[in-house]
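Listed here are the chains, written in short residue letters.
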Amino acid sequence: MQTLSIEQETNPWEAQAARFDIAAKKLNLDAGIMKVLRLPVREITVYIPVGMDDGSIEVFTGYRVQHSIARGPGKGGVRYAPTVSLDEVRALASWMTWKCAVVNIPFGGAKGGIICDPKKMSQGELERMTRRYTAELMEFIGPEKDVPAPDMGTNEQTMAWIMDTYSMHTRQTCTAVVTGKPINIGGSRGRREATGRGISVVCDEALKHLGMSVEGCRVIVQGFGNVGSNAAAILAAKGYKIIGIAEYDGGLYDPYGIDIRALTEHRGKAGTINGFAGAEAADKDELLTRECEILIPAATENVITSRNADQLRCRILCEGANGPTTTVADDILADKRIFVIPDILANAGGVTTSYFEWVQDRMGYFWTEAEVNQRLDRIMTDSFHDVLAYAKTHNVNNRIAAYMLAIDRVAYTTKQRGMYA
């Protein structure tokens, strides 16, 4: 087993690179193509002056990394968080490349972020920062170049500001420049629930594959943001028993199942899951190690590390977040024979429905929610079985299989296109 310091273990770029290297070697990837795919195409750093509400001027640092545009425009979220770093954005951009390739949609990978604390900023400050960030990236984003979307700390409103700023500069309304917009300005039905829905589909398929039943299937979800809350609600509606919810500020546990609808209402009023009468309070970290059939980390990176992986007591680990498991933890989970549904497959429902939104914007014709969900279910089911087939053929775990499938597709296109000199 690898021995790394916790800083090395939790560096997202190093984690992504380590898995890329393993998968590329197993594919016997050409050394030149390996060099091309290992690095991003472009990294942009911008410094954003913003007039604050108190009359002062603050300068924020923003990034946009475009990892690959071989298979189509860059695609990836924009996150606002105090912890944003270039390494993190770089890693997330490359994960997006592989994620889009796993579900076989015609996008490359990109990601953006601004170092800020959106919780401490007013709506006006956030709007001014977002618009200036967009203006600085004008020549690098667009429906055929790079299509941003919401991520941690951003939402539909952020996307509306980006779309409006871009449209003002191009002097025409351009809805296809971002996805995850409000429905009335070109958003797609089903987009908000899409990542959670995709998670539910791969959970269904994993149970079938392992010969398990939905009835009595206990689920613990870490993170109750957009992804975690929708995954919990959709799984509960399908008959799964959600026994635990962990959030950054506390946790809840009920062995008989938590009423997710009631919890969502409580969180809407109280602004926190704490104090919910329908379940007992629990330690947020200890919840991850409680016995269950499915554990869904749906918050941030590096939740499952060498420090807690050996204590996990789930049968299936379904990664709703990006990069929740470190490479060292992967080895431990393999020894414990935990069935891992890797992030670049498990949470690809969001980018898949973003693709649908982009398609609908470009043709100016919008589908019903049932049509969106039907198309999403089919792509997630097919992709799950593609990854499983790769794992079986190459005798590797699901994560390396997903990387191999993705890298194979991107490498094939890169070779086909050739090198422009």
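It should be noted that the structure appears before, not after, this text.
Every chain is numbered independently, its residues counted from 1 as its sequence is written. In keeping with the model being predicted, local features are shown solely for residues with a pLDDT of at least 70 and side-chain atom pairs are shown and tallied solely at 80 or more, while totals for entire chains, interfaces and linings include all residues. The basis for every side-chain value is the complete set of non-hydrogen atoms in the structure, without hydrogens or water.

Draft legend 1. The packing of helix H5 (residues 123–136) against helix H6 (residues 156–170), seen in detail. Where H5 contacts H6, the two axes come as close as 9 Å, and the packing angle between them is 45°. Classified by the angle their axes make, H5 and H6 are oblique. In terms of crossing hand, the pair formed by H5 and H6 is right-handed. Where H5 abuts H6, its residues Gln123, Leu126, Glu127, Thr130, Arg131, Thr134 and Ala135 lie against Gln157, Thr158, Trp161, Ile162, Asp164, Thr165, Tyr166 and His169. Where helices are involved, their axes are fitted lines through C-alpha atoms of the stretch in contact, as for all axes, and angles between N-to-C directions lie from 0 to 180°. Helix and strand definitions here come from DSSP, where helices need a minimum of 4 consecutive H or I residues and strands a minimum of 2 consecutive E residues; each element is numbered from the N-terminal end. Under this scheme an angle from 65 to 115 degrees is roughly perpendicular, one under 35 degrees roughly parallel, and one over 145 degrees roughly antiparallel; angles in between are oblique. With the far helix as reference, a near helix turned anticlockwise by less than a right angle produces a left-handed crossing, and one turned clockwise produces a right-handed crossing. We call two residues in contact whenever any of their non-hydrogen atoms come within 4.5 Å of each other.

Draft legend 2. Here's a closer look at the pairing of strand S3 (residues 74–81). For every residue, the accessible area (1.4 Å probe, protein chains only) is compared with the maximum for its type, and the residue is labelled buried under 20%, exposed over 50%, or partly exposed between those bounds. Counting buried residues in S3 gives eight out of eight residues, a clear majority hidden from the surface. The sheet contact formed by S3 and strand S4 (residues 108–115) spans six bridges and is parallel. Within S4, the position partnered with tyrosine 80 by the bridge is isoleucine 114. Handedness of the crossover joining S3 and S4 through helix H4 (residues 86–102): right-handed. Strands pair, by our definition, only if DSSP identifies at least two bridges between them. Think of it like this: strands point away, you trace from the first strand over the helix to the second, and a clockwise trace means the crossover is right-handed.

Draft legend 3. Highlighting the side chain of glutamine 16. Structurally, the position occupied by glutamine 16 is in helix H2 (residues 12–26). Among residues more than four places away in sequence, those in contact with glutamine 16 are Ala91, Ser94, Trp95, Trp98 and Tyr403.

Draft legend 4. Structural view of the sheet that holds strand S12 (residues 339–341). In spatial order, the strands read S9-S8-S7-S6-S10-S11-S12; together these seven strands make up an open sheet with mixed pairing. Looking at which strands have only one partner, the edges of the open sheet turn out to be strand S9 (280–282) and S12. Strand-to-strand twist across the sheet, computed as the mean angle between neighbouring axes with direction ignored, equals 20°. The sheet contact formed by strand S6 (residues 218–222) and strand S7 (residues 241–247) spans five bridges and is parallel. Residue isoleucine 220 lies in a different strand from S7, and its bridge partner there is glycine 244.

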